[in-house]
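# Descriptive structure summary
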Amino acid sequence: MTQTGTTWAPALVGPAEAGVAASPDGLAEYLRGTDLDDLLVREKAVVLRGFSVTEDSYDGLADLLLPERLAYVHGNSPRTKVGRNLYTSTEYPAEYEISMHNEMSYASAWPSRILFHCAIAAETGGATPVVDGRLWLDSLDAEVREAFAGGVRYTQNLHDGVGFGKSWQATFETDDRTAVEEFLAGTGADHEWRADGSLRVSLLRPATLTHPVTGTEVWFNQADQFHPAGLGEDTAALAAVIPEDELPQHAVFADGSPIPDAYVRHIQETGMRLAVDVDWQMGDLLFVDNVAVAHGRRAYTGKRRILVAMSG
């Protein structure tokens, strides 16, 4: 791990620390004998390295680490489903960094655990940075924390198969409008089917969250990733020619007032500055408490294949 701004880092467990063979079977033995809930509460994130995990052996290990794998329904990033609720990591172009975030913190429900697997490490770069959510919250300017006290309103404009961003079919993993409406009915979201077949979804969410076990308050939102100022030059150019609330995704304060660009930049820069880089080695697993810890991605060159699964 490469530390950039904090003393916290994920725990590193290899065969020697685990006292088992350097194999997927050895790792399975270690996991069966470990209180995984206690491990995550204590460490927040754990790198499991040196067990020669492959895509084929990943599935059984994921069953031990993730009690009930979740589908990426209502997910906002582009991914490919490659197995039983198993996905590629976010498929943004390699030259872009992905800012720190807790998975699906914009949604009404989110995974409590995430399991990453490095099938192919990038030629250069490509680390997964992680940051302690309490540290991130405490390091933000008081003005920014106070401004977000009322929460965030997220809007998604999901096209019907052709357009910018994701379609509603890909987002909800179905072609059935009724199934989408039934899902949204339990989320508290407002939604509207539009004349062109697209779907607009709007949801009010808090900006922070209290960890259900430790009681620690953490920064827990993706306002910056829904805001044009946090999405790079291409999105900024798009926002210059169409209304911001018509973008594929958008965020404002709970009362509908705009979030200043400077706040977005401060949030992103603070998270990335405090992050610890998990520099991938082929076969690694990274096990993360998705409430306690946020994650992102560094830019990279060469081929990179990181798989991810989640559980409640």
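Residues numbered from 1 in each chain as written. Predicted model: local features only at pLDDT ≥ 70, side-chain atom pairs only at ≥ 80, totals over all residues. Heavy atoms only, no water.

## Some words on the sheet that holds strand 11 (residues 190-193)
Strand order in the open sheet formed by four strands is 11-12-10-15, and the pairing between neighbours is antiparallel. In this open sheet, the two strands that pair with only one neighbour each are strand 11 and strand 15 (249-253). On average, adjacent strands in this sheet sit at an angle of 15° to one another, irrespective of strand direction. Bridge count for strand 10 (residues 152-158) against strand 15 is five bridges, and the pairing is antiparallel. Residue pairing for strand 15: Thr155 is matched across the bridge by His250. Each of strand 11 and strand 12 (199-205) touches helix 8 (residues 177-185); the most contacted strand, strand 11, lies at about 165° to it. (Pairing = 2+ DSSP bridges. Helix = DSSP H or I, 4+ residues; strand = E, 2+ residues; numbered from the N terminus. Axes fitted to C-alpha atoms, helices over the stretch in contact; angles between N-to-C directions. Contact = heavy atoms within 4.5 Å.)

## Considerations on the packing of helix 2 (residues 24-32) against helix 4 (residues 55-65)
Where helix 2 meets helix 4, the closest approach of the two axes is 10 Å, and the angle between their N-to-C directions is 5°. Here helix 4 runs roughly parallel to helix 2, going by the angle between their axes. Judged by residue contacts, Pro24, Leu27, Ala28, Leu31 and Arg32 of helix 2 engage Ser57, Leu61, Leu64 and Leu65 from helix 4. Class assignment of the residues belonging to the contact of helix 2 with helix 4 gives a composition of seven nonpolar, one polar and one charged. (Parallel < 35°, antiparallel > 145°, perpendicular 65-115°, else oblique. Nonpolar A, V, L, I, M, F, W, Y, C, P; charged D, E, K, R; others polar.)

## Here's the deal with the pairing of strand 18 (residues 293-297)
Here strand 18 lies mainly inside the structure; five of its five residues are buried. The alternating pattern of strand 18 places Val293, His295 and Arg297 on one face and Ala294 and Gly296 on the opposite face, and all of these are buried. Pairing of strand 6 (residues 98-101) with strand 18, which is carried by two bridges, proceeds in the antiparallel orientation. By the bridge assignment for strand 18, Ile98 is matched with Arg297. Pairing geometry for strand 9 (residues 128-132) and strand 18, over three bridges, is antiparallel. Residue pairing for strand 18: Asp132 is matched across the bridge by Val293. (Buried < 20%, exposed > 50% of the residue type's maximum accessible area, 1.4 Å probe, protein only.)

## Things to note about the pattern of salt bridges
Taken as a whole, this structure holds 17 salt bridges when the rule is applied. A salt bridge links Asp132 to Lys44; its shortest N-O distance comes to 2.5 Å. Highlighted residues: Asp132 in strand 9 and Lys44 in the loop between helix 3 (36-43) and strand 3 (45-48), separated in sequence by 88 residues. The shortest N-O distance in the salt bridge between Arg69 and Asp63 comes to 2.9 Å. Residues joined in a network through salt bridges with shared partners are Asp59, Asp63, Arg69 and Arg84. (Salt bridge = Lys/Arg side-chain N within 4 Å of Asp/Glu carboxyl O.)

Note that every value here comes from positions in space, so none of it alone points to a role or purpose.
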